[in-house]
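One letter stands for each residue in the lines below.
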Amino acid sequence: MSALKRFLKDTVIYGIAAVLPRVINFLLVRVHTDALPTNNYAENTNFYIWIALLAVLLTFGMETAFFRFYKTEEKKDSLISTAFISVFITTTLFVIIAFV
């Protein structure tokens, strides 16, 4: 039963993190369609496409790997700090290069 509770807990945490942004985006559609002129809808769509692509690329798709290794890792603090530092440094370098 303990394994089932852990599975459900992980599922709820990942589910909220995956569903909540989509719900917010769904709710903001009305705001975007009212605020933007009709000919600017494509620019808004391009923005969301690029953000989704960059979010996956800059985090290395690490959320699944992180959950898998976090359960088995004995030094959880080391795992968290290593993942954070690697993502933070590469993302910071990308942003600096993109702005330059």
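Because the structure is predicted, anything quoted here is derived from the model rather than measured.

> What exactly am I supposed to notice about the packing of helix α3 (residues 62–72) against helix α4 (residues 76–99) here?
Think of two packed helices as two axes; the pair is described by the angle between the axes and how far apart they sit. Packing of α3 against α4 brings their axes to within 10 Å, and their N-to-C directions diverge by 165 degrees. Comparing the axis directions of α3 and α4 gives the class roughly antiparallel. α4 is crossed by α3, and the crossing has right-handed handedness. Of the residues in α4, those in contact with Met62, Phe66, Phe69, Tyr70 and Lys71 of α3 are Lys76, Leu79, Ile80, Ala83, Ser86 and Val87.

> Could you clarify how one ought to interpret the environment of Glu63 in this entry?
Position of Glu63 among the secondary structure elements: in helix α3. It is 35 Å that separates the C-alpha atoms of Glu63 and Asp34, two residues lying 29 residues apart in sequence.

> Help me understand the packing of aromatic side chains in this model?
Geometry of an aromatic ring pair is reported as the spacing of the ring centres plus the angle between the planes. Here the structure, examined in full by the defined rule, presents two aromatic pairs. When the ring of Phe47 is compared with that of Tyr48, the centres are 5.7 Å apart and the planes differ by 70 degrees; the resulting orientation is edge-to-face. A centroid spacing of 5.6 Å and a plane angle of 20 degrees characterise the contact between Phe84 and Phe88, whose relative ring orientation is stacked. With a gap of four residues between them, Phe84 and Phe88 both fall in helix α4, about one helical turn apart. Owing to a relative accessible area of 49%, Phe88 belongs among the partly exposed residues under this scheme.

> How should the confidence of the model for the protein be read in this particular structure?
Parts of the model with low pLDDT should not have their predicted coordinates read in detail. For the protein, the mean per-residue pLDDT works out to 83, and 99% of the residues sit at or above 70. The element-level mean pLDDT for the protein is lowest in α3, coming to 77, with α4 highest at 88.

> In this structure, what is going on with the environment of Lys76? I would like to understand it.
Residue placement: Lys76 occurs in helix α4. Apart from the residues lying within four places of it in its own chain, the contact partners of Lys76 are Tyr70 and Lys71.

> I would appreciate a short explanation of the packing of helix α1 (residues 2–35) against helix α2 (residues 41–58) in the present structure.
Packing of α1 against α2 leaves a shortest axis separation of 12 Å and a crossing angle of 150 degrees. In terms of orientation, α1 lies roughly antiparallel with respect to α2. Note on packing geometry: the crossing formed by α1 with α2 is right-handed. Contacts between α1 and α2 involve Asn25, His32 and Thr33 on the former and, on the latter, Tyr41, Asn44 and Tyr48. When grouped by side-chain class, the residues that make up the contact of α1 with α2 number two nonpolar, four polar and no charged.

> Hey, could you run me through the pattern of salt bridges in this one?
Opposite charge on two side chains makes pairing possible when the charged atoms of those side chains draw close. Applying the stated criterion across every chain yields a total of one salt bridge. A salt bridge links Arg30 to Asp34, with the nearest nitrogen and oxygen atoms 3.4 Å apart. In this pair, Arg30 and Asp34 both sit in helix α1, four residues apart, roughly one turn of the helix. Overall, the relative accessible area of 54% leaves Asp34 in the exposed class.

The rules behind these values
Residues numbered from 1 in each chain as written. Predicted model: local features only at pLDDT ≥ 70, side-chain atom pairs only at ≥ 80, totals over all residues. Heavy atoms only, no water. Axes fitted to C-alpha atoms, helices over the stretch in contact; angles between N-to-C directions. Helix = DSSP H or I, 4+ residues; strand = E, 2+ residues; numbered from the N terminus. Parallel < 35°, antiparallel > 145°, perpendicular 65-115°, else oblique. Left-handed = near helix turned anticlockwise from the far one by under 90°. Contact = heavy atoms within 4.5 Å. Phe/Tyr/Trp six-rings, centres within 6.5 Å; stacked < 30°, edge-to-face > 60°. Buried < 20%, exposed > 50% of the residue type's maximum accessible area, 1.4 Å probe, protein only. pLDDT = per-residue confidence, 0-100. Nonpolar A, V, L, I, M, F, W, Y, C, P; charged D, E, K, R; others polar. Salt bridge = Lys/Arg side-chain N within 4 Å of Asp/Glu carboxyl O.

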